[in-house]
Amino acid sequence: MTTVIIGGGIGGLAVAWNLVIKAKAKGVDLGAIHVVEASDRFGGNVDTFEFDFGSGPDGKGGITTLSRWGDLGVNDFNTVAYTKIVSVMNTIGFKEGIDYKNLEDSTCYYTADGSTCFTDSGPWWNTQMPKSLAASVKDFMDYAGKEARDPSKQGQYASTTIEEFITNNQSARGWDPDLGPKVIYPRINGMYFVSELGPLQMPFLAVMHYYAIQEGAGAPTANRCYFVGGTSNWIKALMAYMQAKMPQIVFHGNYQAVVGQVATAGQKFLVQDAAQKQPPIRAERVVVACHADAGLKAFITGLPIVAAQPMAMIGYNNGISVIHTDSRVMPPNQNAWSTYNILIRPPEAASLKPYMINYVSNRHQKDEANPTYNQFGLPQFFVSINPQPAIPENLILKDRNGIPAVANLRHNNFDFDTMYAQSRIDTVQGVNDIYYAGGWTHGSGLHEECWAQGEDVADKIVAHVATASPTAPASPVDTGTFIGRRLTARSSPHE
Ligand SMILES: Cc1cc2nc3c(=O)[nH]c(=O)nc-3n(C[C@H](O)[C@H](O)[C@H](O)COP(=O)(O)OP(=O)(O)OC[C@H]3O[C@@H](n4cnc5c(N)ncnc54)[C@H](O)[C@@H]3O)c2cc1C
C-alpha cells in the first residue's frame with residue numbers, strides 16, 4: 001500500500017509524521033509514504049540564508065569571522081499557541097533556550113517621511129506610542145480577540161470586514177481615531193496573506209485568527225521565539241528525526257509531481273516526476289500538500305470537480321524577500337528601530353500593495369543577549385519583504401559563494417474566498433482517495449495550523465484504511481463558524 005504526499009513544506013511533513021504516529025497507535029499498516037518535493041530543499045517557505053560579516057575581535061585577543069544568518073521566510077513562532085509544534089519539538093529534542101529563544105518583541109509604525117513614528121514598546125528616546133492610542137490598541141486586542149473567539153458570535157462575523165468592525169465599535173469603545181489608519185491597517189498590510197483588496201477589506205475573523213495565534217490577541221500572552229541559526233535548523237532537525245525513526249517515509253527532492261488516475265481501484269494513481277529523472281510511483285492515495293494552484297496543475301486526471309472548485313478560489317501573494325544593509329527603508333528616526341518595522345502609507349495612497357515589512361535582524365535575534373555579537377559592535381542588517389525603494393545590488397548581503405540573499409516566497413490569501421474554500425475542502429477530504437493539507441487549507445497557514453491539518457488528514461486516512469471505507473465527508477457548515485471553531489481551538493492553551 002502506498003501514499004504519495006505532494007509538497008515537502010511543513011504541510012507535507014506534518015502529514016507524513018502524523019500518518020506514521022497515528023497508524024502505529026491504531027495498529028494499521030499503511031505501507032510506504034512518499035513525500036515528493038519539487039525543489040532541491042525541503043521546508044518550502046522556510047529559507048535561511050547564511051553569510052559572513054567580515055572579521056573582528058574574538059574577545060580573547062584574537063580575530064575571528066563573524067558568521068550570521070537571516071530568515072528570508074518563516075522566522076518566528078509563539079510557543080503558547082503553537083502547542084502541537086512545541087510537542088513535536090520536545091519529541092525530537094529541539095529545545096527552548098538552545099534551539100529556539102525569545103526574540104525582542106517590538107514594533108515601530110512609521111511614515112516614509114518620518115512625520116509619524118512611534119513604537120509599541122519602550123519608552124525609549126521618546127519614541128513610544130501616544131498614550132491614548134496605546135490604550136486603544138490594548139483594548140482592541142482584548143475586545144476584538146475575545147469577540148472573534150466567542151463561539152456564539154462567529155456566524156454573526158462571517159462576512160464582517162476589519163474596517164467594519166473598527167468603525168462599528170470606534171465610538172462605543174472610545175478608540176483613538178488613529179487606531180485603524182496608523183496601527184491596525186498598516187500591521188495587517190504587513191501580514192503576508194492580504195489580498196489585492198488591501199487590509200481594510202480583510203475578514204475580521206481572518207485577521208483576528210492570525211493576531212491570536214501569532215501575537216496572543218484575546219488569548220494568553222504570546223511568547224514569541226526565533227530559531228537559533230535560522231528556521232531551516234528546525235526543518236533539518238525534524239527531517240533528521242523522521243529519517244532516523246520513521247523508515248516508512250521516503251523523501252524525494254527535485255521531484256515535481258504530475259499525477260494521473262490510471263485505474264479505478266487499488267494503486268489507482270501514477271505519480272510521475274515532471275522532469276522524468278526519477279521513477280514513477282504507483283499509489284492508493286494522494287495528499288495534495290503543495291499550494292492549491294500547484295495542486296490543480298499537478299493533476300492530469302482524477303481530481304474531483306468538487307475539490308477543484310474550492311482550490312481554484314485560493315488567490316496567492318508573491319513576496320520578494322531580501323537581506324541587506326540599506327537603511328533607507330527603515331524609520332528615519334533610528335532610535336525607533338524595532339524588531340518589526342511597519343510602514344504607514346498616506347491615506348491618499350492609491351494602493352497599499354505590495355505590502356512591505358522590515359525586520360532588524362539584530363533585534364529579532366536579540367543580539368544584546370549574545371556576547372559574541374556584541375564584540376563586533378552590532379553591525380545592523382535587515383530582512384525586508386517587498387522593500388521600497390528596491391535595494392541596490394551592493395547593499396544586498398551575499399553568501400560565501402557570492403549568491404545574493406533574495407527569495408521569492410508565495411503565500412495564499414486569507415480572504416473571504418479562502419474562508420469559504422476552506423470550509424468546503426473539509427467536505428471533500430478523501431473523495432476519490434485524495435486529501436488536502438498545507439497552509440491554504442487551514443486558517444492563516446501558520447506552521448501550527450499546517451500541523452493541525454496534518455493531524456486531521458492523517459486521522460482520516462488511518463480511519464479509512466482501518467475500516468476499509470472512506471470517512472463520511474463532513475457536512476458543509478457556515479464559514480464563520482468553521483473558521484471560528486479552528487481559531488478557538490488553536491488559541492486555547494487548554495486544548
Ligand atoms: C514571507 C513569509 C513569512 C512567513 N513567516 C511565518 C512565520 O514566521 N511563522 C509561521 O508559522 N508561518 C509563517 N509563514 C507562513 C508559512 O508560509 C507557513 O507557515 C508554511 O510554511 C506553509 O507551509 P506549506 O507546506 O503549506 O507551503 P510551502 O512552505 O510553500 O511548501 C509547499 C511546497 O510544495 C512544493 N511543491 C509545489 N508544487 C509541487 C509539485 N507539483 N510536486 C512536488 N512539490 C511541489 C513547493 O516546492 C514547496 O516546497 C510565512 C510565510 C511567508 C510568505
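Look a little higher up for the structure.
Here's the deal with helix H13 (residues 447-467)
Each turn of an α-helix holds 3.6 residues, which means side chains three or four residues apart point in the same direction.
Stage number 1. The terminal C-alpha atoms of H13 lie 30 Å apart, and with 21 residues this matches the ideal 30 Å at 1.5 Å per residue to within 8%.
Stage number 2. The first or second residue beyond H13 is alanine 468, which carries a positive phi of 60°.

Things to note about the site of the ligand
Stage number 1. In the vicinity of the ligand lie 36 residues, with Gly7, Gly9, Gly11, Gly44 and Gly438 positioned nearest.
Stage number 2. Every element with two or more residues in the shell around the ligand is listed here: helix H1 (10-26), strand S5 (76-78), helix H8 (292-298), strand S15 (316-324), strand S19 (406-412) and H13.
Stage number 3. The biggest single contributor to the shell around the ligand is H1, with 3 residues.

Remarks on the pairing of S15
Stage number 1. Where S15 meets S19, 7 bridges bridge the pair, whose relative direction is antiparallel. Paired with asparagine 317 across the bridge in S19 is histidine 411.

Concerning the sheet that holds S5
Consider a sheet: its strands pair through backbone hydrogen bonds, and that pairing is either parallel or antiparallel.
Stage number 1. Strand order in the open sheet made by the 3 strands is S5-S9-S6, with antiparallel pairing throughout. Of all strands in the sheet, those bounded by a partner on one side alone are S5 and strand S6 (100-102). Ignoring strand direction, the axes of neighbouring strands in this sheet form an average angle of 35°.
Stage number 2. By the bridge criterion, 3 bridges tie S5 to strand S9 (residues 224-227) in an arrangement that is antiparallel. By the bridge assignment for S9, asparagine 78 is matched with arginine 224.

Examining the sheet that holds strand S12 (residues 269-273)
Stage number 1. In spatial order, the strands read S11-S12-S13; together these 3 strands make up an open sheet with antiparallel pairing. The sheet terminates laterally at strand S11 (257-261) and strand S13 (281-283), the two strands that pair on one side only. The sheet shows a mean angle of 25° between the axes of neighbouring strands, taken without regard to direction.
Stage number 2. Relative to S12, S11 is paired through 5 bridges, and the arrangement is antiparallel. From the neighbouring strand, glutamine 261 faces S12, where its bridge partner is phenylalanine 269.

Description of the environment of lysine 398
Stage number 1. As for its placement among the helices and strands, lysine 398 is situated in the loop between strand S18 (382-385) and S19.
Stage number 2. When the 15 C-beta atoms within 10 Å are taken as the criterion, lysine 398 is described as partly exposed.
Stage number 3. When the C-alpha positions of lysine 398 and lysine 84 are compared, they lie 35 Å apart, and in sequence the two are 314 residues distant.
Stage number 4. Excluding anything up to four places from it in sequence, lysine 398 contacts Phe51, Ile403 and Pro404.

Observations regarding the packing of helix H3 (residues 131-149) against helix H6 (residues 204-215)
Stage number 1. Two elements in contact, H3 and H6, have axes whose closest approach is 9 Å; the angle formed by their N-to-C orientations is 110°. Considering the angle they form, H3 stands roughly perpendicular to H6. Crossing angle aside, the handedness with which H3 passes H6 is left-handed. Contact residues: Met141, Ala144, Gly145, Ala148 and Arg149 in H3; Phe204, Leu205, Met208, Tyr211 and Ala212 in H6.
Stage number 2. Looking at the contact of H3 with H6 residue by residue, the classes come out as 8 nonpolar, 1 polar and 1 charged.

A short note on the nonpolar core
Stage number 1. In terms of nonpolar packing, the biggest core is built from 140 residues, with Ile6, Val15, Ala16, Val286 and Val287 touching the most fellow members.
Stage number 2. Considering each element in turn, this core owes the most residues, 9 residues, to H6.
Stage number 3. Setting aside residues no more than four positions away along its own chain, alanine 16 makes contact with Ile5, Ile33, Val35, Met242 and Ile249.

Some remarks on unusual backbone geometry
Stage number 1. Glutamine 388 connects to proline 389 through a cis peptide bond whose omega is 0°.
Stage number 2. Along the chain, proline 389 falls in the loop between S18 and S19.
Stage number 3. Notably, glutamine 276 is not glycine yet its phi reads approximately 55°, a positive angle.
Stage number 4. Non-glycine residue aspartate 433 carries a positive phi angle of around 60°.
Stage number 5. Relative to the helices and strands, aspartate 433 is located in the loop between helix H12 (416-425) and strand S20 (434-436).

Quick word on the packing of H1 against H13
Stage number 1. The geometry of H1 relative to H13 is characterised by a closest axis approach of 7 Å and an angle of 40° between their N-to-C directions. Compared by their axis directions, H1 and H13 come out oblique. Our pair here, H1 against H13, has a crossing hand that is right-handed. Where H1 abuts H13, its residues Ile10, Gly11, Ala14, Val15, Trp17, Asn18, Leu19, Lys22, Ala23 and Lys26 lie against His447, Cys450, Trp451, Gln453, Gly454, Glu455, Val457, Ala458, Asp459, Ile461, Val462 and Ala466.
Stage number 2. Taken together, the residues that form the contact of H1 with H13 break down as 13 nonpolar, 5 polar and 4 charged.

The rules behind the values
- Residues numbered from 1 in each chain as written.
- Predicted model: local features only at pLDDT ≥ 70, side-chain atom pairs only at ≥ 80, totals over all residues.
- Helix = DSSP H or I, 4+ residues; strand = E, 2+ residues; numbered from the N terminus.
- Expected span 1.5 Å × (residues − 1).
- Near = placed C-beta within 6 Å.
- Pairing = 2+ DSSP bridges.
- Axes fitted to C-alpha atoms, helices over the stretch in contact; angles between N-to-C directions.
- Buried ≥ 20, exposed ≤ 12 C-beta atoms within 10 Å, placed from the backbone.
- Contact = placed C-beta atoms within 7 Å.
- Parallel < 35°, antiparallel > 145°, perpendicular 65-115°, else oblique.
- Left-handed = near helix turned anticlockwise from the far one by under 90°.
- Nonpolar A, V, L, I, M, F, W, Y, C, P; charged D, E, K, R; others polar.
- Core = buried A, V, L, I, M, F, W, Y, C linked by C-beta atoms within 7 Å.

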